[in-house]
Amino acid sequence: MYKAVEKAAYGLKRDFGEVENLQVSMKGPADFVSAADHRAEKRLREELERSRPGYGFLLEEGGEVKGSDPEHRWIIDPLDGTTNFLHGIPHFAISVALQKGDEIIAGMIYDVAKDECFWAEKGLGAFLDNRRLRVSGRRRMNECVLACGVPHLGHGDHAAFEKQLHSVMDRCAGVRRMGAASLDLAYVAAGRYDGYWESHINAWDIAAGLLIVTEAGGYVRDINGGTNMLGTGSVVAANDYIQPVLAKTLKKAITD
């Protein structure tokens, strides 16, 4: 996984260096970034197919690709934080997860601009490079800094989110929106954020992060307490004390 991510990251670093020049062009950088996204995905797929030729894929750009091994598939987002990348904001990542049956058994999130590699293997813990990760131990909502995803034009339930945000703002020390779901989860695993929530999120954005948080001692469910976050597109992640409190606050905000 690391070899595949390393190759894709090399191309993204080079392409990111070109974005600033494209900001002032008549055409704009959107087509260039789309091409960078596809190039990174191609590199990831080629490298992973070489090492595990029978595994299938769920790709952001390429969709689902069946493999000869029906049990295993890679879930890949070659560029999470595309809007940040597009605007020259150095906060984006490559996310790769390995699924066996219904379980994520390995995950890697590489922050390209900061050269930080978050990774986990089921049952073996979570790490930032070679340092063991542990979620925050805070037990009071009023001390917590939380991350979230914010709906934007044509995406998500704006009215519901506004209710949730208002409810959470009244109870916590701060809310952050950085624009890359994979890194939000990685930061929860590292204890940088005390929790994170988002709805209407794609499987490839969160698959690796779900395992990394869990292996760092965190607790992850959807807003209704279910465990099928990849299917529902809803995720609430924190430590085992804050997560239920945060989920209850979010749910109550949209049901009252």
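Note that the coordinates shown come from a computational prediction; the quantities given were computed from them, not determined experimentally.

The rules we used
Residues numbered from 1 in each chain as written. Predicted model: local features only at pLDDT ≥ 70, side-chain atom pairs only at ≥ 80, totals over all residues. Heavy atoms only, no water. Domains from an automatic or database assignment. Contact = heavy atoms within 4.5 Å. Buried area = accessible area lost by both parts, 1.4 Å probe. Salt bridge = Lys/Arg side-chain N within 4 Å of Asp/Glu carboxyl O. Helix = DSSP H or I, 4+ residues; strand = E, 2+ residues; numbered from the N terminus. Nonpolar A, V, L, I, M, F, W, Y, C, P; charged D, E, K, R; others polar. UniProt positions renumbered as here; feature names shortened; annotations may be inferred. Buried < 20%, exposed > 50% of the residue type's maximum accessible area, 1.4 Å probe, protein only.

Quick notes on the domain arrangement of the protein
On domain assignment, one finds that the protein holds domain 1 (1-132) and domain 2 (141-255). Domain 1 and domain 2 are separated by 21 Å when their C-alpha centres are compared. Across the boundary between the two partners, domain 1 contributes 35 residues, which contact 21 residues of domain 2. Roughly 2100 Å² is buried in total at the junction of domain 1 and domain 2, and carbon and sulfur atoms are behind 66% of that figure. A per-residue breakdown of the area domain 1 buries against domain 2 is headed by His91, Ile109 and Phe118, which together make up 27% of the total. Our count for the domain 1 to domain 2 interface comes out at one salt bridge. Residue Glu116 is joined to Arg192 by a salt bridge in which the shortest nitrogen-to-oxygen separation is 2.9 Å. Listing elements by their share of the side of domain 1 that touches domain 2, those giving two or more residues are β1 (56-59), β3 (72-80), β4 (93-100), β5 (103-111), β6 (116-121) and β7 (125-128). For the side of domain 1 that touches domain 2, the element with the highest residue contribution is β5, accounting for seven residues. Considered class by class, the residues forming the side of domain 1 that touches domain 2 number 19 nonpolar, eight polar and eight charged.

What to know about the UniProt feature "binding site: Mg(2+)" (unreviewed entry) in the protein
Cross-referencing UniProt, the feature "binding site: Mg(2+)" (unreviewed entry) maps to Glu60, Asp77, Leu79, Asp80 and Asp205 in the present numbering. In summary, the annotated positions, though distributed over 146 residues, converge in three dimensions, the widest C-alpha pair being only 9.6 Å. Among the secondary structure elements, Leu79 is positioned in strand β3. The exposure class assigned to Leu79 is buried, which follows from its relative accessible area of 1%. Apart from the residues within four sequence positions on either side, Leu79 is in contact with Leu12, Val33, Asp37, Glu60, Phe85, Phe92 and Ala93. The residue Asp80 is located in strand β3 in this model. Residue Asp80 is classed as buried on the basis of its relative accessible area of 6%. Apart from the residues lying within four places of it in its own chain, the contact partners of Asp80 are Phe92, Ala93, Ala180, Ala181, Ser182, Leu183 and Asp205.

What about the environment of Ala237?
Mapped onto the elements, Ala237 comes out in strand β13 (residues 235-238). Taking the C-alpha atoms as reference points, Ala237 and Val188, separated by 49 residues in sequence, lie 7.4 Å from one another. Once you skip the residues sitting within four places of it in the chain, Ala237 turns out to touch Leu185, Val188, Asp194, Gly195, Tyr196, Val213, Tyr219, Val220 and Gln243.

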